[in-house]
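Commentary on secondary and tertiary structure
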Amino acid sequence: MLYFKRFFSFNKPVFRYRITFYLHIGRIALDETVIADTHQVTSGELKRIDAHIVAHKNVLGGLLPLLHAIQDDLGYVPEAAYTPISKALALSVAEVHGVVTFYHHFRTHSVGEHVLQICRAESCQAMGSEQLEMDIKSALGVDYHQTTADGKITLVPVYCLGNCACSPAVLLDDDVYGRVDKKKIEALIHEVRSS
C-alpha cells in the first residue's frame, strides 16, 4: 500500500495527464461513432459491397482493387464495409481502416453527383489557384469536403493532378481541365448544375 501511495503522490502530474489523455481519446472515439452513424448504409448498398467482396476475396493483394471497386460503385467506402472486408481478406478492421484513411483518394462519406477537385500543388498555386479556390467556394457556397445544397457537386482538394504545364488545374469527375480561370470554372459549374 505504501508503494502505491508513493507512486501516486510522486507521479500526480503524470497520472493526471494520462487520465486527461484517455478521457480525450474516449471523446474522440465517441465523436467518430456519432459521425459514422450519420452515414447510414442501405441494404442495397450492403449487397453491392458483398458482391465486390466476393469478386475480390481470392485476388492476391485484392484490398486496393476491392476498395476502388466499392468507391467506383458507391462513390465512397463506408465504414460499415470494413468488417466484412477484413473477414473476407483475413485482415484486421484496423488494417482496412488504415489503408482507407492513408490514401487521400478514398472517401468515407457519400458525395454529390459530381466531384470537383482543385489542385493545390506548388505549380498551381504559383499560377493563381488560391484565387481560383476562393472563386469556386464562393460560386458553390461550400468549403472543402462539403456538398452543395442541391447535392450536385462535392468540393475536394487534391495535391497534384499531373497537369503542371497547364496550371491551375481542376478535375471534374474523370476530366482534367487546365488553365482554369473564374470564367471557365463558372461555365463548368453551370454545365454540371443544368444537366
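Now for a quick tour of the structure. (Residues numbered from 1 in each chain as written. Predicted model: local features only at pLDDT ≥ 70, side-chain atom pairs only at ≥ 80, totals over all residues. Heavy atoms only, no water.)

Quick notes on the overall build of the protein
A count of helices and strands for the protein gives nine helices and five strands. Within the span of the protein, comprising 195 residues, buried residues form 34% of the whole. Of the contacts formed within the protein by residues at least 6 apart in sequence, a portion of 60% connects residues at least 24 apart. (Helix = DSSP H or I, 4+ residues; strand = E, 2+ residues; numbered from the N terminus. Buried < 20%, exposed > 50% of the residue type's maximum accessible area, 1.4 Å probe, protein only. Contact = heavy atoms within 4.5 Å.)

Here we look at the packing of aromatic side chains
Counted by the stated rule, this structure contains two aromatic pairs. Where Phe-102 meets Tyr-103, the ring centres are 4.9 Å apart and the plane angle is 90°; that geometry is what we call edge-to-face. For Phe-102, a relative accessible area of 57% gives the class exposed. With a relative accessible area of 38%, Tyr-103 lands in the partly exposed category. With a centroid separation of 6.3 Å and an interplanar angle of 85°, the aromatic rings of Tyr-103 and Phe-106 are classed as edge-to-face. (Phe/Tyr/Trp six-rings, centres within 6.5 Å; stacked < 30°, edge-to-face > 60°.)

A closer look at a nonpolar patch on the surface
On the surface, a cluster of nonpolar side chains totalling about 300 Å² of accessible area is made up of Leu-64, Phe-102 and Tyr-103. Residue position: Phe-102 is located in helix α6 (residues 93-102). (Patch = residues over 30% accessible without salt bridge, like charges linked within 9 Å, V, L, I, M, F, W, Y side chains within 5 Å. Areas by Shrake-Rupley, 256 points an atom, 1.4 Å probe, with all protein chains shown as cover. Salt bridge = Lys/Arg side-chain N within 4 Å of Asp/Glu carboxyl O.)

Remarks on the pattern of salt bridges
In a structure, side chains of opposite charge can pair up when their charged atoms sit close to one another. Applying the stated criterion across every chain, the model contains five salt bridges. Here Asp-73 ties to Arg-48 by a salt bridge, and the two come within 2.8 Å at their closest N and O atoms. In this pair, Asp-73 is assigned in helix α4 (residues 63-74) and Arg-48 in helix α3 (residues 43-56), connecting sequence segments 25 residues apart. Taking the relative accessible area as the measure of exposure, Asp-73 reaches 31% and is therefore partly exposed. Glu-133 is paired through a salt bridge with Arg-120; the nearest N and O atoms lie 3.4 Å apart. Of the two residues, Glu-133 sits in helix α8 (residues 129-140) while Arg-120 sits in the loop between β1 (114-119) and α7 (122-126), which places them 13 residues apart along the sequence. Overall, the relative accessible area of 6% leaves Glu-133 in the buried class. The exposure class assigned to Arg-120 is partly exposed, which follows from its relative accessible area of 26%.

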